[in-house]
Amino acid sequence: MAHRSDLIQGPALDVTDEHKSQVAVVLARLAERYAEEEPGALVDDFAFTMRVGAEAYDATGRSLAGAHRIVATLVRREAPSVDGAACGPFASGLLDAARAQGWSDDDNQPAIPRHPVPGPRRTDESGRVPAPRPEQAVAR
């Protein structure tokens with residue numbers, strides 16, 4: 001006979017490889033945030049839960065389709081214990097958990113390098129952009 005105090009098993013999570021990579025990204029982002037704070041300050045459990053939810057929402061494309069809940073649940077499972085933890089050691093524990101999930105600093109380089117775009121041409125007094133003149137042309 002079931003009692004009110006019996007643990008009820010939650011629904012099974014349908015975890016994909018994309019969710020696992022998003023978990024690693026969220027753990028790394030959280031580690032970066034906690035590393036920026038005062039190392040001796042204690043980690044607040046409620047604030048950590050809110051940060052996990054916000055980072056999971058951001059990592060899954062800012063959609064309420066449900067993937068953020070899976071990612072947030074997995075992050076909470078993989079993260080070190082918050083009880084009595086200081087921000088500095090907690091950040092290193094989060095980074096270790098991210099690396100255990102397959103995250104590395106090398107993977108975060110942009111695939112397409114960004115090149116600076118030249119600024120706008122100067123306008124004359126009327127506000128019109130003058131056409132390039134032959135004497136301004138670059139010799140090839």
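As shown above, the structure is provided for reference.
Residues numbered from 1 in each chain as written. Predicted model: local features only at pLDDT ≥ 70, side-chain atom pairs only at ≥ 80, totals over all residues. Heavy atoms only, no water.

Peer 1: Any chance you could explain the overall build of the protein chain here in plain terms?
Peer 2: Across its full length, the protein chain holds four helices and zero strands. Starting at the N terminus and walking to the C terminus, you meet the elements of the protein chain as α-α-α-α. For the protein chain, the share of sequence-separated contacts (at least 6 apart) that also reach a separation of at least 24 residues comes to 67%. (Helix = DSSP H or I, 4+ residues; strand = E, 2+ residues; numbered from the N terminus. Contact = heavy atoms within 4.5 Å.)

Peer 1: Can you help me understand the environment of Glu 38 in this one?
Peer 2: Note on placement: Glu 38 falls in the loop between helix H1 (17–36) and helix H2 (45–59). Classification of Glu 38 by relative accessible area gives exposed; the value is 58%. Measuring from C-alpha to C-alpha, the distance between Glu 38 and Gly 88 comes to 7.3 Å, with 50 residues separating the pair along the chain. (Buried < 20%, exposed > 50% of the residue type's maximum accessible area, 1.4 Å probe, protein only.)

Peer 1: Please explain the side chain of His 19 as it appears in this structure.
Peer 2: Residue position: His 19 is located in helix H1. Once residues within four sequence positions are removed from consideration, His 19 is found in contact with Asp 14, Ala 67, Ile 70 and Val 71.

Peer 1: Would you explain the packing of H2 against helix H3 (residues 67–78) in this entry?
Peer 2: Describing two packed helices takes the angle between their axes plus the distance from one axis to the other. Orientation of H2 relative to H3, taken along the N-to-C sense of each, is 135 degrees, at an axis distance of 8 Å. When the axis of H2 is compared with that of H3, the two are oblique. The handedness of the crossing between H2 and H3 comes out as right-handed. Taking contact as the criterion, the partners of Asp 45, Phe 48, Thr 49, Val 52, Ala 56 and Tyr 57 in H2 are, on H3, His 68, Val 71, Ala 72, Val 75 and Arg 76. Looking at side-chain class alone, the contact of H2 with H3 contains seven nonpolar, two polar and two charged residues. (Axes fitted to C-alpha atoms, helices over the stretch in contact; angles between N-to-C directions. Parallel < 35°, antiparallel > 145°, perpendicular 65-115°, else oblique. Left-handed = near helix turned anticlockwise from the far one by under 90°. Nonpolar A, V, L, I, M, F, W, Y, C, P; charged D, E, K, R; others polar.)

Peer 1: In this structure, what is going on with the packing of aromatic side chains? I would like to understand it.
Peer 2: Two measures describe an aromatic ring pair: the distance that separates the ring centres and the angle between the ring planes. Tallying each qualifying case throughout the model produces three aromatic pairs. Each ring, one from Tyr 34 and one from Phe 48, has its centre 6.1 Å from the other, and the planes form 50 degrees; the classification is tilted. With a gap of 14 residues between them, Tyr 34 in helix H1 and Phe 48 in helix H2 connect regions that are remote in the sequence. Geometrically, the ring pair formed by Phe 48 and Phe 90 is edge-to-face, given 5.1 Å between the ring centres and 85 degrees between the ring planes. (Phe/Tyr/Trp six-rings, centres within 6.5 Å; stacked < 30°, edge-to-face > 60°.)

Peer 1: Help me understand H2, please; the structure alone is not making it clear to me.
Peer 2: Side chains that are three or four residues apart share a direction in an α-helix, a result of its 3.6 residues per turn. Taking 1.5 Å of rise per residue, 15 residues should cover 21 Å, and H2 covers 21 Å from first to last C-alpha, within 8% of that figure. Taken as a whole, H2 has its buried residues at Phe 48, Val 52, Glu 55, Ala 56 and Ala 59. For H2, the angular spread of the buried residues around the axis is 100 degrees, confining them to a single face. Tucked into the core, H2 has its buried residues touching H1, H3 and helix H4 (87–100). Positioned one or two residues after H2, Gly 61 has a phi angle of 90 degrees, which is positive. (Expected span 1.5 Å × (residues − 1). Arc of directions from axis to C-beta.)

Peer 1: Help me understand the pattern of salt bridges in this model?
Peer 2: Pairing between side chains becomes possible if they bear opposite charge and their charged atoms approach one another. As enumerated under the stated definition, the model contains six salt bridges in all. Arg 51 is paired through a salt bridge with Glu 37; the nearest N and O atoms lie 2.4 Å apart. Remark: Glu 37 occurs in the loop between H1 and H2 and Arg 51 occurs in helix H2; sequence separation between them is 14 residues. Since its relative accessible area comes to 27%, Glu 37 is described here as partly exposed. Note that Arg 62 is salt-bridged to Asp 58, the shortest N-O span being 2.8 Å. In this structure, a network of salt bridges that share partners links the residues Arg 29, Arg 33, Glu 55, Asp 58 and Arg 62. (Salt bridge = Lys/Arg side-chain N within 4 Å of Asp/Glu carboxyl O.)

The values are spatial; any link to function lies outside them.
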